[in-house]
Amino acid sequence: MKRFFSILLLAAYVIFLAGCFRDGSAPETDTELFVIGFSQSGSESDWRLANTDSMIETFTEDKGYDLQMENAKQQQENQFAAVRSFILEGVDIIVIAPTMEEGWDTVLKEVYDAGIPVIIMDRSVNVWNDDLYLTNVGSDFLGQGNRAVEWLEGQTEGEELKILHLQGTYGTTAQLLRSQALEDGVSAHDNWELAGQICGDFTEAKGYEAMTEFLSENTDFNVLYSENDNMTFGAIRALDEAGITYGEGGQVRIITFDATSAALQLCFDGKVDLCVECNPLQGPSVEELIRQYRAGEDIPKQVYIEEALFTKDDLTQELIDGRTY
Ligand code: AHR
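In this text the structure is predicted, and so the values were computed from the model without any measurement.

J.: For this particular structure, what's the right way to read unusual backbone geometry?
T.: Glycine aside, negative phi is the norm for most residues, and most peptide bonds take the trans geometry. With phi around 50°, lysine 73 is a residue other than glycine that occupies positive phi space. When you line up the elements, lysine 73 lands in the loop between strand 2 (65-71) and helix 3 (76-89). Classification of lysine 73 by relative accessible area gives exposed; the value is 60%. Although it is not a glycine, aspartate 201 sits at a positive phi angle of roughly 50°. If you trace the backbone, aspartate 201 turns up in the loop between strand 7 (192-199) and helix 7 (204-215).

Structure representation (structure tokens):
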């Protein structure tokens with residue numbers, strides 16, 4: 001009798017399993033995670049590290065997410081490979097923080113054809129059809145540049161300005177639009193000129209290198225417009241080595257983009273004149289857009305993160321110490 005019940009139990013279990021795997025898939029559970037394929041562009045700056053942390057802290061398993069992140073190490077080809085692997089895996093959504101603005105048409109069309117929605121985060125992509133992505137959440141880079149130019153105008157009325165322009169990686173939205181704002185500003189002012197345009201690729205090492213090379217030939221400038229904080233840190237090292245003073249009462253006014261805590265500290269200490277905020281904490285905004293998408297709500301095509309300007313007068317030590325990046 002006991003043997004009869006064991007056989008019955010075993011048969012019931014086999015029938016149960018057969019039901020579960022009829023379509024070849026694993027049995028569904030109530031705790032299935034929402035899978036996000038995230039292609040991060042790289043880890044070139046403190047800003048980027050904070051941006052990555054924000055995504056990791058936001059999309060946790062506890063909250064029902066499975067975040068699969070690939071770091072492209074600044075190479076667009078690596079991003080294409082990551083996105084194609086997300087398609088093969090059949091993730092629920094793809095988030096891309098693009099390196100370059102151009103070149104996305106083919107791969108985004110492949111994602112579109114696979115029926116997977118895409119969120120573009122931080123920078124933008126320039127594609128023939130905006131339907132290839134759901135939404136773009138990030139910074140208003142042109143607005144950041146324009147605010148910096150307006151501030152400079154207000155500080156230097158009538159002064160002759162020779163501006164050294166330290167640019168980020170060519171072809172990225174952050175570089176293109178911050179550069180556009182400055183170039184427009186220079187064209188609009190007879191008393192402004194560019195002392196030079198050099199590229200520091202958004203890194204401290206290249207910022208230092210480019211600045212050192214420039215200073216070996218030309219020290220005749222009174223403004224440094226640096227397109228991110230890490231390049232500014234490198235440039236400042238080069239200025240120190242060349243004996244050029246900067247900041248409050250110095251030869252060179254410094255404008256820097258990002259407003260990381262280290263840059264804010266320099267500003268508070270009178271070494272940097274203006275910090276233009278670029279907020280890397282974008283995970284919660286991406287999460288809200290995913291919530292709207294899953295709820296079938298209308299989603300705005302472009303969402304800008306709120307950002308501010310900081311001069312010494314806007315800062316306190318408490319504010320700087322409270323900054324998480
Ligand atoms: O796209 C955001 C920019 O890229 C930030 O200014 C910079 O620090 C980063 O590397």
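Moving on from the coordinates now.
J.: Which parts of the structure should I look at to understand the site of the ligand?
T.: In the region of the ligand, the neighbouring residues are Glu44, Ser45, Trp47, Arg48, Asp122, Arg123, Phe141, Ala174, Arg178, Phe202, Asn228 and Asp258. Glutamate 44 places a side-chain nitrogen or oxygen 2.4 Å from an oxygen atom of the ligand. Aspartate 122 places a side-chain nitrogen or oxygen 2.8 Å from an oxygen atom of the ligand. Compared with its free state, where it exposes 280 Å², the ligand has 100% of that area covered by protein. Of all the elements in the fold, those that place two or more residues in the shell around the ligand are helix 2 (46-58) and helix 6 (173-188). The residue inventory of the shell around the ligand, partitioned by class, reads four nonpolar, two polar and six charged. Split by domain, the residues of the shell around the ligand number at least three in each of domain 1 (34-138 + 280-294) and domain 2 (141-278 + 311-321).

J.: Explain the packing of aromatic side chains to me, please; I cannot follow it from the model alone.
T.: Here the distance between the centres and the angle between the planes together describe a pair of aromatic rings. For the coordinates displayed, the defined rule picks out five aromatic pairs. Here phenylalanine 59 and tyrosine 65 contribute two aromatic rings whose centre-to-centre distance is 4.8 Å and whose plane-to-plane angle is 85°, an arrangement assigned as edge-to-face. Side by side, phenylalanine 59 and tyrosine 65 carry an identical accessibility label, which is buried. Following the ring pairs from residue to residue traces out a cluster consisting of Phe34, Phe59 and Tyr65. The residue whose ring lies beneath arginine 237 is tyrosine 208, and the NZ or CZ to ring-centre distance is 4.3 Å.

J.: Explain the environment of glutamate 209 here, please?
T.: Turning to its location among the elements, glutamate 209 is positioned in helix 7. Distance in space between the C-alpha atoms of glutamate 209 and valine 252 is 18 Å, their sequence separation being 43 residues.

J.: Is there a simple way to think about the packing of helix 7 against helix 8 (residues 229-242) in this case?
T.: The packing of two helices is summarised by the inter-axis angle and the distance between the axes. Orientation of helix 7 relative to helix 8, taken along the N-to-C sense of each, is 35°, at an axis distance of 7 Å. Helix 7 and helix 8 meet at a crossing whose hand is right-handed. Across from Glu204, Gly207, Tyr208, Met211, Thr212 and Leu215 in helix 7, the residues of helix 8 making contact are Asn230, Met231, Phe233, Gly234, Ala235, Arg237, Ala238, Leu239, Glu241 and Ala242. Classifying every residue of the contact of helix 7 with helix 8 by side-chain character gives nine nonpolar, four polar and three charged.

J.: Sorry if this is basic, but what is going on with the pattern of salt bridges here?
T.: The tally for this structure, following the rule as stated, stands at 16 salt bridges. With a closest N to O distance of 3.2 Å, aspartate 201 and lysine 206 form a salt bridge. Residues joined in a network through salt bridges with shared partners are Glu44, Arg48, Asp122 and Arg123.

J.: Just checking my understanding: could you explain the confidence of the model for the chain for this structure?
T.: Should pLDDT be low for a region, the predicted coordinates there are not to be read in detail. When pLDDT is averaged across the chain, the result is 93; 91% of the residues are at 70 or more. In the predicted structure, residues 1-28 sits below a pLDDT of 50 and forms four contacts with residues beyond four places in sequence or in another chain.

J.: Looking at this structure, how should I read the sheet that holds strand 8 (residues 223-226)?
T.: Where strands meet in a sheet, backbone hydrogen bonds hold them as pairs that are either parallel or antiparallel. Ordered in space as 7-6-8-9-10-12, the six strands form an open sheet in which the pairing is mixed. Both outer strands of the open sheet, strand 7 and strand 12 (309-310), are each paired with one neighbouring strand and no more. The pairing of strand 6 (residues 161-167) with strand 8 spans four bridges and is classified as parallel. The partner of isoleucine 163 across the bridge, within strand 8, is valine 223. Contacts from helix 6 reach strand 6, strand 7, strand 8 and strand 9 (253-258) within the one sheet, and its direction differs from that of strand 6 by about 170°. Here helix 8 sits on the sheet and contacts strand 6, strand 8 and strand 9; the angle it forms with strand 9, its principal contact strand, is near 150°.

J.: Before we go on, may I ask you to explain the pairing of strand 2 in this structure?
T.: Remark: a regular strand shows side chains that alternate across the two faces of the sheet. Pairing of strand 1 (residues 34-40) with strand 2 involves seven bridges; the strand directions are parallel. The residue of strand 2 that forms the bridge with glutamine 40 is asparagine 71. Where the polypeptide runs from strand 1 across helix 2 and back to strand 2, its parallel neighbour, the crossover connection is right-handed.

Criteria and cut-off values
Residues numbered from 1 in each chain as written. Predicted model: local features only at pLDDT ≥ 70, side-chain atom pairs only at ≥ 80, totals over all residues. Heavy atoms only, no water. Helix = DSSP H or I, 4+ residues; strand = E, 2+ residues; numbered from the N terminus. Buried < 20%, exposed > 50% of the residue type's maximum accessible area, 1.4 Å probe, protein only. Near = heavy atom within 4 Å. Polar contact = N/O pair within 3.5 Å; in protein donor to acceptor, adjacent residues only side chain to side chain. Areas by Shrake-Rupley, 256 points an atom, 1.4 Å probe, with all protein chains shown as cover. Nonpolar A, V, L, I, M, F, W, Y, C, P; charged D, E, K, R; others polar. Domains from an automatic or database assignment. Phe/Tyr/Trp six-rings, centres within 6.5 Å; stacked < 30°, edge-to-face > 60°. Lys NZ or Arg CZ within 6 Å of the ring centre and 35° of its normal. Axes fitted to C-alpha atoms, helices over the stretch in contact; angles between N-to-C directions. Left-handed = near helix turned anticlockwise from the far one by under 90°. Contact = heavy atoms within 4.5 Å. Salt bridge = Lys/Arg side-chain N within 4 Å of Asp/Glu carboxyl O. pLDDT = per-residue confidence, 0-100. Pairing = 2+ DSSP bridges. Right-handed = clockwise from strand over helix to strand, strands pointing away.

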